[in-house]
Structures are given as C-alpha cells and as structure tokens.
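# Residue-level structure breakdown
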Amino acid sequence: MIGIVDYGLGNLTSVAGAVSKLGFEPHITSNADALTSADKLVLPGVGAFPDGMANLAERGLIDVLNDLVLKRRKPILGICLGFQLLGRSSEEFRHTGGLGWIDAAVTRLKPGDPELRVPHVGWNDLTQTRPDCILFDGVADQSLFYFVHSYCMETPPDGSQVGTCDYGRPFTAAVQKGSVFGTQFHPEKSQQAGLTLLNNFLEKA
Amino acid sequence: MLRNRLITVLTFNDGTLFRTKLFEPDYRYTHNFVDSWSVDEIVMLDVTRDPMADRRAFYDVVTQFARECFVPLAVGGGIRTLDDARRMMAVGGDKVVVNTGAVERPELITEIAEAYGSQCVVLSIDARKSDALDGGYEVFSHFAGNPTGMTPGDWAREGERLGAGEIMITSVERDGSLQGYDLTLCRLVSNAVSVPVLGMAGAGNWKHFVEGVEQGGLSAVCTQNIYHFTETSIASAKKFMEKKGIPVRL
C-alpha cells in the first residue's frame, strides 16, 4: 500500500489515480498508523509553503514523518510543494522552516531573462545530473516533464541533486538522498515519462 | 527550454461534450475524442447556463478524464465560491478556471490562490470590441452577455495582482470563426501581465497557432474545434509548429 500524505493541500486524486494506474494501491490519509503501515509514502501538494508546513504541524505529521523517514527509512517521494517541503526553508511570503531533510533553501524563481514568465508553467527538459538514480531507469535524459511553480530549490551542497531544469538559469528539479526522493515537476501529470519515473519509485525505491 | 503548449478546451452542457460558435452550442461535433497522449493540457468547462443546474454529470466526466489523462486538467464553469473551486479540485481538477465569478467578486481569485496557490487559478477573460470603450476592447461576463466596463488589459493586470497564475483570453467575436486568434487582443493582454497567457477562440488551422505565439505573445494556444483533433492531428499540428520554430513537446 502506498500512503499518500493528506495534509489538506492540492490535488491528491491525480497522484492516487496515477499510483493505481500503475497497479499499486493508493491510500490517501493523514492517519499516523495508516502511514506507518504503508510500504512507501508520497508527499504531494500544491499551494503555499507556509500553509504546507502549518498543515503538516496541525495534523501532527511532522514528528510522524521524521520518525518514518529518518529513523525507519521508509521511502518517500515529495512532489512539487511536497518536494520543496523537503528543504531547509522557503522565502515564499515569509521565511518558513521546512522538514530539512535536504539541506537547501527554496527561493523565488528569478529567470535570467525578463521575458520569461512566472509562474514557470508547462513542459520543460529534465537534465539528469545523476543518471544512475533509480528514478531515471528507462527515462531518457532531457525527457520533458510538466512544471508549475514560482519558487525553486537551490542546489543542495551534499550532492543530493539528481536532476536540473533550466528556466533562465538552472535549478534543482529532482533530488535523492537515501530513501528521500523529490521532484519539482509533476510525474503524475507528465505522460509516459512521468509514469515511468513514478513507477521506478513505487517499484524500486 | 520551456515549450509552448497546445491546449484542448472541451465544453460541456449537462455533461455532454459540444463545441460553440458565437457562444452558442453547436452539437455537430460531439462524437469526437481527444488524443490524450499528444495534448499538453486539457481545459474542461461546464457551460450549463442554469445557475441552479445539477453539475453532477459534469463532475463525473471530469473524474473519468482525470483517471485516464496524465496531463494537467483545468476545470471551470460556474465557480462563484471557494467551495465551488474545492469541489472542482476534488473531482480531479489540477487548476480551476474562473470568469464571471471573479468579475462579480474579484476577491474570489485571492481566496482560491491562498488556498491552493496562484498556479491553480486561471482567470478567463471574454472580450470583444466595444463602442463603450472608444472602440477598444471590453470585458464581458455571464457568457459574454454582460458588459463590465473594464478593458481586458486592466482586468488581466488586476487579476494577476489578486493572485491569478495564468490568464486565458477569449475573443467573443472569433469564437468558432476559424479565422485565427484576435492577435491584437492577445498581444494587449500578454503585454499587460507577467504570468503566462493562454489564447482562445478562432484557431482554424495550424498557422494560427504559430501566429498566436509569435504575434500574440501567447504561452499556450487553445483550441475548441475538436473536429480538427482526432487521432493524430494534435501531433501533426505540433510538428508543424516546430518546423516554424516554435518550441513544442512532440
């Protein structure tokens, strides 16, 4: 069973739909026991960073996730806001601390070219900076993924960056550190490449 | 490089798919389908006019699409409150499209943006040439029936300030015309805001997509004329755009 962390933000049904399409059993929940019994976790979410952390805290999920992910090494995949929450902090609206599993700050996406619009919405290439990451099994380098965001993660100093995307300048688009995985893009909305990547996490992580 | 998007817009009345001409239903092309692998994004609009109508049939269609289409789904029609938006997200929408509801109560944009983030709010603007505004363009609400006194540029800017993550501009006069996008209107709006702009109404051939991007400044070109889009035509349209130098996802 795949635990999809419900913290009251965003479209969980898309993620659940993709998970079940791939033959796994999704369970959308904020219940600690259910998350504990899940084989793997997905932390989805769209919305604002401060709300994300506040909602996790309100549901008592920060301690639960720290325990499951850091102590018990349960694999987790953060997507979009869920990916940013893995970081140390964000500047969205105000400085807010994150889960801190990936040592990198989240800052406003400032494309080098003033012609580039923000939010960054649409299909863009993913450069695999660590092609050996299991997420990329069967996924060609420079495959297109669907992005929609205004903030982005800086480069983590610990080598956990596995993929980048370029929008005016390169930014961190995918990370892996042990059993912690994250993608700024939406694999559940990125057609075949996205489904392959998601399946890699579900099957191999 | 970020690709320009080709978006298919599907309109539904009581859960039935149809296209429109001059904002009136035209059911001739109901029996068509979307090439769900080539399309970059899908917009589903419930244009059932009765405000008290039962929208369950539409919700069911959205859920079906959400199950099979692994691309973003923007969903709208009749959204007046945050609860309406929540409902659209719950049945499978990734974004919501607001139009008349935001004209009536602009803070609706902010309410949805605060709950789900700006990237979830598409402000749809219907505009036509109007004598009221010195022969310029005027925004119309309520299925293009109600003049608002606002110019599309001003309303787009205000929408962005209130939290809209994308603007969708529709030319009322070009709806179903196949004469191409109203490029002046598209450019006016894309110059007014720094968020992505989606252009809608008028596309009749693939050249129109290229013009929409190059001359209209559009990030995404939308089409509702689904009879052009059976099986492989989205893929061919994108190949054409690429040949003309527009970055697209093939």
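Structural data are supplied above this passage.
So, here is what we can say about the structure in this document.

Thresholds applied
Residues numbered from 1 in each chain as written. Chains lettered and ligands numbered in written order. Predicted model: local features only at pLDDT ≥ 70, side-chain atom pairs only at ≥ 80, totals over all residues. Heavy atoms only, no water. Buried < 20%, exposed > 50% of the residue type's maximum accessible area, 1.4 Å probe, protein only. Helix = DSSP H or I, 4+ residues; strand = E, 2+ residues; numbered from the N terminus. Pairing = 2+ DSSP bridges. Contact = heavy atoms within 4.5 Å. Polar contact = N/O pair within 3.5 Å; in protein donor to acceptor, adjacent residues only side chain to side chain. Salt bridge = Lys/Arg side-chain N within 4 Å of Asp/Glu carboxyl O. Axes fitted to C-alpha atoms, helices over the stretch in contact; angles between N-to-C directions. Parallel < 35°, antiparallel > 145°, perpendicular 65-115°, else oblique.

Bringing the pairing of strand β10 (residues 144-149) of chain A into the picture now. Residues and elements named next belong to chain A. Burial within β10 is extensive, with six of its six residues counted as buried. What you see with β10 is no split at all: Leu144, Tyr146 and Val148 on one side and Phe145, Phe147 and His149 on the other are buried throughout. Relative to β10, strand β8 (residues 120-125) runs antiparallel, the two sharing six bridges. Counterpart to His120 in the pairing with β10 is His149.

This part is about the environment of Asp125(A). With respect to the helices and strands, Asp125(A) occurs in strand β8. Excluding residues that lie within four positions of it along the chain, Asp125(A) makes contacts with Gln142(A), Ser143(A), Leu144(A), Thr164(A), Cys165(A), Met1(B) and Arg3(B). At a separation of 2.6 Å, a polar atom in the side chain of Asp125(A) contacts the main-chain amide nitrogen of Met1(B). One polar contact links Asp125(A) to Arg3(B), side chain to side chain, over a distance of 2.8 Å.

Let's shift gears to the environment of Glu92(A). Residue and element names in this part refer to chain A. Position of Glu92 relative to the elements: it lies in the loop between β5 (89-90) and β6 (96-97). The exposure class of Glu92 is buried, given its relative accessible area of 12%. The sequence separation of Glu92 and Val162 amounts to 70 residues, and the corresponding C-alpha distance is 24 Å. Other than its neighbours up to four places away in sequence, Glu92 contacts Gly47, Ala48, Phe49, Pro50, Gln84 and Tyr151. Only 3.1 Å separates the side chain of Glu92 from the backbone nitrogen of Phe49, close enough to count as a polar contact.

All names here are of chain B. Scanning the entire structure with this criterion turns up 20 salt bridges over all chains. Between Arg55 and Asp46 there is a salt bridge, and its shortest N-O distance comes to 2.5 Å. As far as burial versus exposure is concerned, Arg55 and Asp46 are alike and both buried. Two residues, Arg56 and Asp54, come together in a salt bridge whose shortest N-O distance is 2.9 Å. Classification of Arg56 by relative accessible area gives exposed; the value is 55%. A network of salt bridges, in which partner residues are shared, links Arg5, Glu41, Lys95 and Glu166.

This next bit is on the packing of helix α3 (residues 49-58) of chain A against helix α4 (residues 61-71) of chain A. Residues and elements named next belong to chain A. Orientation of α3 relative to α4, taken along the N-to-C sense of each, is 85°, at an axis distance of 6 Å. Judged by the angle between their axes, α3 and α4 are roughly perpendicular. On α4, the residues touching Met53, Leu56 and Ala57 of α3 are Leu61, Ile62 and Leu65.

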